[in-house]
Amino acid sequence: MAMLRAVKTAFLPRFSSLISTARSVSTLVVAEHEGGAIKGPSISAVEAAKALGDGNLISILVAGSGPSLQEAAAHAASCHPSISQVLVAYSDKFTHSLAEPWARLVHLVQQKGGYSHILAAANSFGKNILPRAAALLDVSPITDVIDISGSSQFVRPIYAGNALCTVRYTGTSPCMLTIRSTSFPVPAISADTKSNEARISQVDLSTFGEDSVGKSRYVQHTSQDTERPDLGSARIVVTGGRGLKSAENFKMIEKLAEKLGAAVGATRAAVDAGFVPNDLQVGQTGKIVAPELYMAFGVSGAIQHIAGMRDSRVIVAVNKDSDAPIFQVADYGLVGDLFEVIPELLEKLPEKK
Ligand SMILES: Cc1cc2nc3c(=O)[nH]c(=O)nc-3n(C[C@H](O)[C@H](O)[C@H](O)COP(=O)(O)OP(=O)(O)OC[C@H]3O[C@@H](n4cnc5c(N)ncnc54)[C@H](O)[C@@H]3O)c2cc1C
């Protein structure tokens, strides 16, 4: 008996630091904002946090400077009924989402809050910051999570989406995850739950480690002004591949997208050939999309491309090669010349209202 007690005491401290029951789950969602609003993928990370356990206290962290941060904090307080607290870090060190100061900020907030989980979206913001923060906190992050069962079991795709890997986290707190936003769509929030505003409090930055500042600096941001919907969240995506043959011909894809109110996507071959900029690339090394309708023209369907669009609800493919692998994932396929099919579609589709 005495020996048993001795063994128990010796092991207790180690086990008590493990992620334990659902009762002790508290989550920090590291959020990105733009134009005074929390971005959709960060709200999906909040949606994912709900699956970590009942009674999960969800806090959201926003940082930056100026009036747009204040607006973003107000939006964070009301954008999802499960958020109980908004933490706001006011400093121009965080304005441009540089990984070094942001990772240090996450480290500081974790030291004060002792969260069991820290989540961010698996987009360029989250992929840049979260692993660096995990290294500072000396834990192993789990990336691109598509399913959550309880507080320590997660599913993530591997080998360009050709295998699903179930991971059990047995490390110390915090368990850090990046979330694939297309796997956690946010349901429309009703008016009565919206009135449930979360508390807003400011992060005390007096002990912030300045050693993280100045290691990188923001130079400039260039983006294409377009009225088309964002590729990551569009309901319809029209994608062109190498089959389009030139940047000039690719304009047909843009015209079709415009008529359908769709976003434009591209394969890596189309990007490498200079038809379109690389932020339109769909796939393993580009964006992951899961629209209601995905239309692929002159796309062969390489595994690296399929990895980015296979979860689309309806997939339509037009290719002149009946053996093209894209037809294995397409719900509707047309073997034909895209230079005949697209003009016909443009002619037959009704004008956009
Ligand atoms: C590490 C790694 C990462 C990668 N990441 C990505 C990624 O993120 N996204 C991505 O897309 N690729 C990625 N790739 C590249 C990928 O392997 C393929 O090379 C690429 O997807 C091929 O693009 P494509 O389908 O446009 O071109 P192709 O494979 O050349 O296919 C063109 C298709 O157009 C058809 N076609 C030609 N003319 C016509 C016509 N007139 N009418 C109808 N059909 C026509 C042809 O039959 C053919 O099937 C990656 C590769 C590697 C090695």
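Residues numbered from 1 in each chain as written. Predicted model: local features only at pLDDT ≥ 70, side-chain atom pairs only at ≥ 80, totals over all residues. Heavy atoms only, no water.

**A word on the overall build of the chain**
Here comes step 1: Per the secondary structure count, the chain includes 11 helices and 17 strands.
Here comes step 2: By its C-alpha atoms, the chain is 80 × 50 × 45 Å across when sized along the principal axes.
Here comes step 3: Burial status across the chain gives 45% buried among its 353 residues.
Here comes step 4: Residue pairs in contact within the chain that sit at least 24 positions apart in sequence constitute 68% of those at least 6 positions apart.
Here comes step 5: Between the mean site of the 33 positive side-chain charges and the mean site of the 33 negative ones, the chain shows a separation of 7 Å. (Helix = DSSP H or I, 4+ residues; strand = E, 2+ residues; numbered from the N terminus. Buried < 20%, exposed > 50% of the residue type's maximum accessible area, 1.4 Å probe, protein only. Contact = heavy atoms within 4.5 Å. Lys, Arg positive; Asp, Glu negative; His and termini not counted. Charge placed at Lys NZ, Arg CZ, Asp CG, Glu CD.)

**Some remarks on the sheet that holds strand β9 (residues 153–158)**
Here comes step 1: Ordered by their spatial adjacency, three strands build an open sheet running β8-β9-β10, and the pairing between neighbours is antiparallel. Unpaired on one side and paired on the other, β8 (147–149) and β10 (163–168) mark the two borders of the sheet. Direction aside, neighbouring strands of the sheet carry axes that sit 25° apart on average.
Here comes step 2: Bridge count for β9 against β10 is six bridges, and the pairing is antiparallel. Each residue of the ladder has a partner; that of Pro-157, found in β10, is Leu-164. (Pairing = 2+ DSSP bridges. Axes fitted to C-alpha atoms, helices over the stretch in contact; angles between N-to-C directions.)

**Notes on the sheet that holds strand β15 (residues 293–297)**
Here comes step 1: On the basis of which strands lie adjacent, the open sheet formed by five strands has the order β14-β13-β15-β16-β17 and parallel pairing. A strand with exactly one partner marks an edge of an open sheet, and here the two such strands are β14 (263–266) and β17 (332–335). Averaged over all pairs of adjacent strands, the angle between strand axes in this sheet comes to 15°, irrespective of strand direction.
Here comes step 2: Two elements, β15 and strand β16 (residues 314–319), share five bridges in a ladder whose sense is parallel. Bridging across to β16, Ala-296 finds its partner in Ala-317.
Here comes step 3: Where helix α7 (residues 247–260) meets the sheet, its contacts fall on β13 (236–240), β14 and β15, and the angle it forms with β13 comes to roughly 170°.
Here comes step 4: Where helix α11 (residues 338–348) meets the sheet, it contacts β15, β16 and β17, and its direction lies at approximately 140° from that of β15.

**Quick notes on the site of the ligand**
Here comes step 1: Taken together, the neighbourhood of the ligand is formed by 26 residues, with Arg-242, Thr-267, Thr-285, Ser-300 and Asn-319 sitting nearest.
Here comes step 2: Residue Thr-267 places a side-chain N or O atom 2.6 Å away from an oxygen atom belonging to the ligand.
Here comes step 3: When the ligand is considered free in solution it has 990 Å² of accessible area, and contact with the protein chains removes 77% of it.
Here comes step 4: Its atoms largely coinciding with the cavity grid, the ligand occupies the second largest pocket. (Near = heavy atom within 4 Å. Polar contact = N/O pair within 3.5 Å; in protein donor to acceptor, adjacent residues only side chain to side chain. Areas by Shrake-Rupley, 256 points an atom, 1.4 Å probe, with all protein chains shown as cover. 1 Å grid on protein atoms, 1.4 Å probe; cavity = no way out; pocket = protein on both sides within 12 Å on 5 of 7 lines; lining within 4 Å. Sits in = over half its atoms within 2 Å of the grid points.)

**Brief notes about the pattern of salt bridges**
Here comes step 1: What the rule picks out here adds up to 11 salt bridges.
Here comes step 2: The partner of Glu-32 in a salt bridge is Lys-39, and the shortest N-O contact between them spans 3.6 Å.
Here comes step 3: For Lys-39, a relative accessible area of 25% corresponds to the partly exposed category.
Here comes step 4: A salt bridge links Arg-235 to Glu-292, with the nearest nitrogen and oxygen atoms 3.5 Å apart. A residue pair is termed long-range when its members are at least 10 positions apart, and Arg-235 in the loop between β12 (199–202) and β13 and Glu-292 in the loop between α8 (268–272) and β15 qualify at 57 residues. (Salt bridge = Lys/Arg side-chain N within 4 Å of Asp/Glu carboxyl O.)

**Focus on the packing of helix α4 (residues 99–113) against helix α5 (residues 124–137)**
Here comes step 1: It is at 8 Å that the axes of α4 and α5 come closest, and there the two elements cross at 55°. Looking at the two axes, α4 sits oblique to α5. Read as a crossing pair, α4 and α5 show a hand that is right-handed. Contact residues: α4 offers Ala-99, Glu-100, Trp-102, Ala-103, Arg-104, Val-106, His-107 and Gln-110, while α5 offers Phe-125, Asn-128, Ile-129, Arg-132, Ala-133, Leu-136 and Leu-137.
Here comes step 2: Per-class residue counts for the contact of α4 with α5 are nine nonpolar, three polar and three charged. (Parallel < 35°, antiparallel > 145°, perpendicular 65-115°, else oblique. Left-handed = near helix turned anticlockwise from the far one by under 90°. Nonpolar A, V, L, I, M, F, W, Y, C, P; charged D, E, K, R; others polar.)

**Points about the side chain of Thr-267**
Here comes step 1: You can see Thr-267 is positioned in the loop between β14 and α8.
Here comes step 2: Beyond its immediate sequence surroundings of up to four residues, Thr-267 is in contact with Thr-239, Gly-240, Gly-241, Arg-242, Gln-281, Val-299 and His-305.

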